[in-house]
Amino acid sequence: MQQELQSLPKGLAEDVARNLVMVAKLIDEDPEQAYAYSRIALRLASRVAAVREAAGFAAYATQKYSEALAEFRAARRMTGSVELWPVMADCERGLGRPEKALEMAGAPEVQKLDKAGQVEMRLVAAGARRDLDQLDAAIVTLQSPELASNSVQPWTARLRYAYADALLAAGREDEAREWFAKVVESDKDGSTDASDRLAELDGVDFVDALSDDEVDGADEVADAVEVVELPESSDDSDDSTDVADHKDAKDDEGDEGDKSDARDKD
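Residues numbered from 1 in each chain as written. Predicted model: local features only at pLDDT ≥ 70, side-chain atom pairs only at ≥ 80, totals over all residues. Heavy atoms only, no water.

Draft legend 1. Seen up close, helix 4 (residues 49-61). Counted at 1.5 Å a residue, the expected span for helix 4 with its 13 residues is 18 Å, and the 18 Å between its end C-alpha atoms agrees. Along helix 4, the residues classified as buried are A49, A50, V51, R52, A54, A55, G56, A58 and A59. Residue Q63 follows helix 4 closely and has a positive phi angle near 65 degrees. (Helix = DSSP H or I, 4+ residues; strand = E, 2+ residues; numbered from the N terminus. Expected span 1.5 Å × (residues − 1). Buried < 20%, exposed > 50% of the residue type's maximum accessible area, 1.4 Å probe, protein only.)

Draft legend 2. Just the pattern of salt bridges, in detail. Under the defined criterion, the tally for this structure stands at 17 salt bridges. Between D202 and R177 there is a salt bridge, and its shortest N-O distance comes to 2.7 Å. You can see D202 sitting in the loop between helix 13 (194-201) and helix 14 (212-224) and its partner R177 sitting in helix 12 (residues 173-186), a full 25 residues away along the chain. The partly exposed category is assigned to R177, whose relative accessible area is 34%. (Salt bridge = Lys/Arg side-chain N within 4 Å of Asp/Glu carboxyl O.)

Draft legend 3. Highlighting the packing of helix 3 (residues 31-44) against helix 4. Helix 4 packs onto helix 3 with a crossing angle of 155 degrees between their chain directions and a minimal axis gap of 9 Å. One way to sum up the angle between helix 3 and helix 4 is to call them roughly antiparallel. For the crossing formed where helix 3 meets helix 4, the hand is left-handed. Residue-level contacts link P31, A34, Y35, S38, A41 and L42 of helix 3 to V51, R52, A54, A55, A58, A59 and A61 of helix 4. (Axes fitted to C-alpha atoms, helices over the stretch in contact; angles between N-to-C directions. Parallel < 35°, antiparallel > 145°, perpendicular 65-115°, else oblique. Left-handed = near helix turned anticlockwise from the far one by under 90°. Contact = heavy atoms within 4.5 Å.)

Draft legend 4. Highlighting the packing of aromatic side chains. The final tally for this structure, using the stated rule, is four aromatic pairs. Judged by centre distance (5.9 Å) and plane angle (75 degrees), the rings of Y60 and Y65 are edge-to-face. On the basis of relative accessibility, which here comes to 24%, the residue Y60 falls in the partly exposed class. With 5.1 Å between their ring centres and 85 degrees between their planes, Y163 and W179 make a pair best called edge-to-face. One end of the pair, Y163, is in helix 11 (residues 156-169); the other, W179, is in helix 12, with 16 residues separating them in the sequence. Of the two residues examined, Y163 and W179, each falls in the buried class. Over the ring of Y35 we find K64; its NZ or CZ atom is 4.4 Å from the centre of that ring. Here the basic side chain of K182 rests over the ring of W179, its NZ or CZ set 4.0 Å away from the ring centre. (Phe/Tyr/Trp six-rings, centres within 6.5 Å; stacked < 30°, edge-to-face > 60°. Lys NZ or Arg CZ within 6 Å of the ring centre and 35° of its normal.)

Draft legend 5. Examining the side chain of E71 more closely. Here E71 shows up in helix 5 (residues 65-79). Excluding residues that lie within four positions of it along the chain, E71 makes contacts with R39, L42, R52, A55 and G56.

Draft legend 6. Broad picture of the environment of M88. Examined against the element boundaries, M88 turns out to sit in helix 6 (residues 85-94). Residues within four places of M88 in sequence aside, it is in contact with L69, F72, R73, R76 and M104.

Draft legend 7. Inspection of helix 11 at higher detail. With 14 residues, helix 11 should reach 20 Å at 1.5 Å per residue; the first-to-last C-alpha distance of 20 Å fits that figure. When helix 11 is considered as a whole, its buried residues turn out to be T156, A157, L159, R160, Y161, Y163, A164, A166 and L167. On its buried face, helix 11 sits against helix 8 (115-131), helix 9 (135-142), helix 10 (145-148), helix 12 and helix 13. Two residues or fewer after helix 11 comes G171, characterised by a positive phi angle close to 85 degrees.

Draft legend 8. Focus on the packing of helix 2 (residues 10-26) against helix 4. Contact pair helix 2 / helix 4: the axes reach a minimum separation of 11 Å and the direction vectors enclose 30 degrees. Relative to helix 4, the element helix 2 lies roughly parallel. The two elements helix 2 and helix 4 cross, and the hand of that crossing is left-handed. Along the contact surface, helix 2 presents V16, L20 and V23, while helix 4 presents V51, A54 and A58. Residue composition of the contact of helix 2 with helix 4, grouped by class: six nonpolar, no polar and no charged. (Nonpolar A, V, L, I, M, F, W, Y, C, P; charged D, E, K, R; others polar.)

What follows is the structure, given as structure tokens:
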């Protein structure tokens with residue numbers, strides 16, 4: 001990306017870079033804001049492939065699939081790369097065209113993808129099969145050496161999760177449970193909800209310490225309790241008065257004694 005931006009004037013390149021950084025920073029936590037930054041970058045440098053790609057992913061994250069597909073196609077024309085092929089196919093799914101996604105899954109471009117890209121394409125194809133209610137075909141699509149491997153790769157948890165979910169949708173609950181357990185083993189970052197799905201299959205219910213009704217009831221009780229201010233202790237007041245009177249008496253005695261001593265001296 002940095003090399004692509006070098007073709008721009010320095011000030012413009014810096015502005016574009018700042019917006020692209022914000023896209024990358026916000027795309028997961030605030031995709032709408034990331035999309036807004038991507039549009040700024042696009043207005044500034046629409047002829048830069050990295051900008052078109054970033055705009056595509058920002059649109060994809062906000063489910064603007066038609067716009068995302070157009071940006072990905074533009075980026076691909078500029079670079080000649082096939083790495084965006086799987087996400088382009090998934091945009092076709094998002095647009096309600098699973099048949100087109102399957103057509104792309106069988107295209108020669110798939111053979112040019114690296115291993116991660118091929119796994120991603122397999123996930124998209126399986127999703128397209130499910131869109132068409134072809135559950136058995138989706139399960140077969142996901143069966144691959146990558147699925148069977150004991151080696152944990154960046155794609156392993158997602159691939160296993162998709163397989164377990166497809167099995168469950170097909171009514172193969174025991175097998176689904178086995179694969180959700182394998183997802184938990186490989187999902188070290190907790191990127192999926194496999195542990196929750198596994199707990200559901202095992203019949204484990206997670207219950208909050210207090211239900212909403214119980215919390216509301218507790219609030220009502222708290223509101224109904226009358227706050228009563230305790231009166232000041234009369235005993236303590238009397239004691240304080242006694243102490244003060246005793247001190248005054250002692251002071252009077254001391255004064256009388258001083259006067260008596262003075263008369264004696266006289």
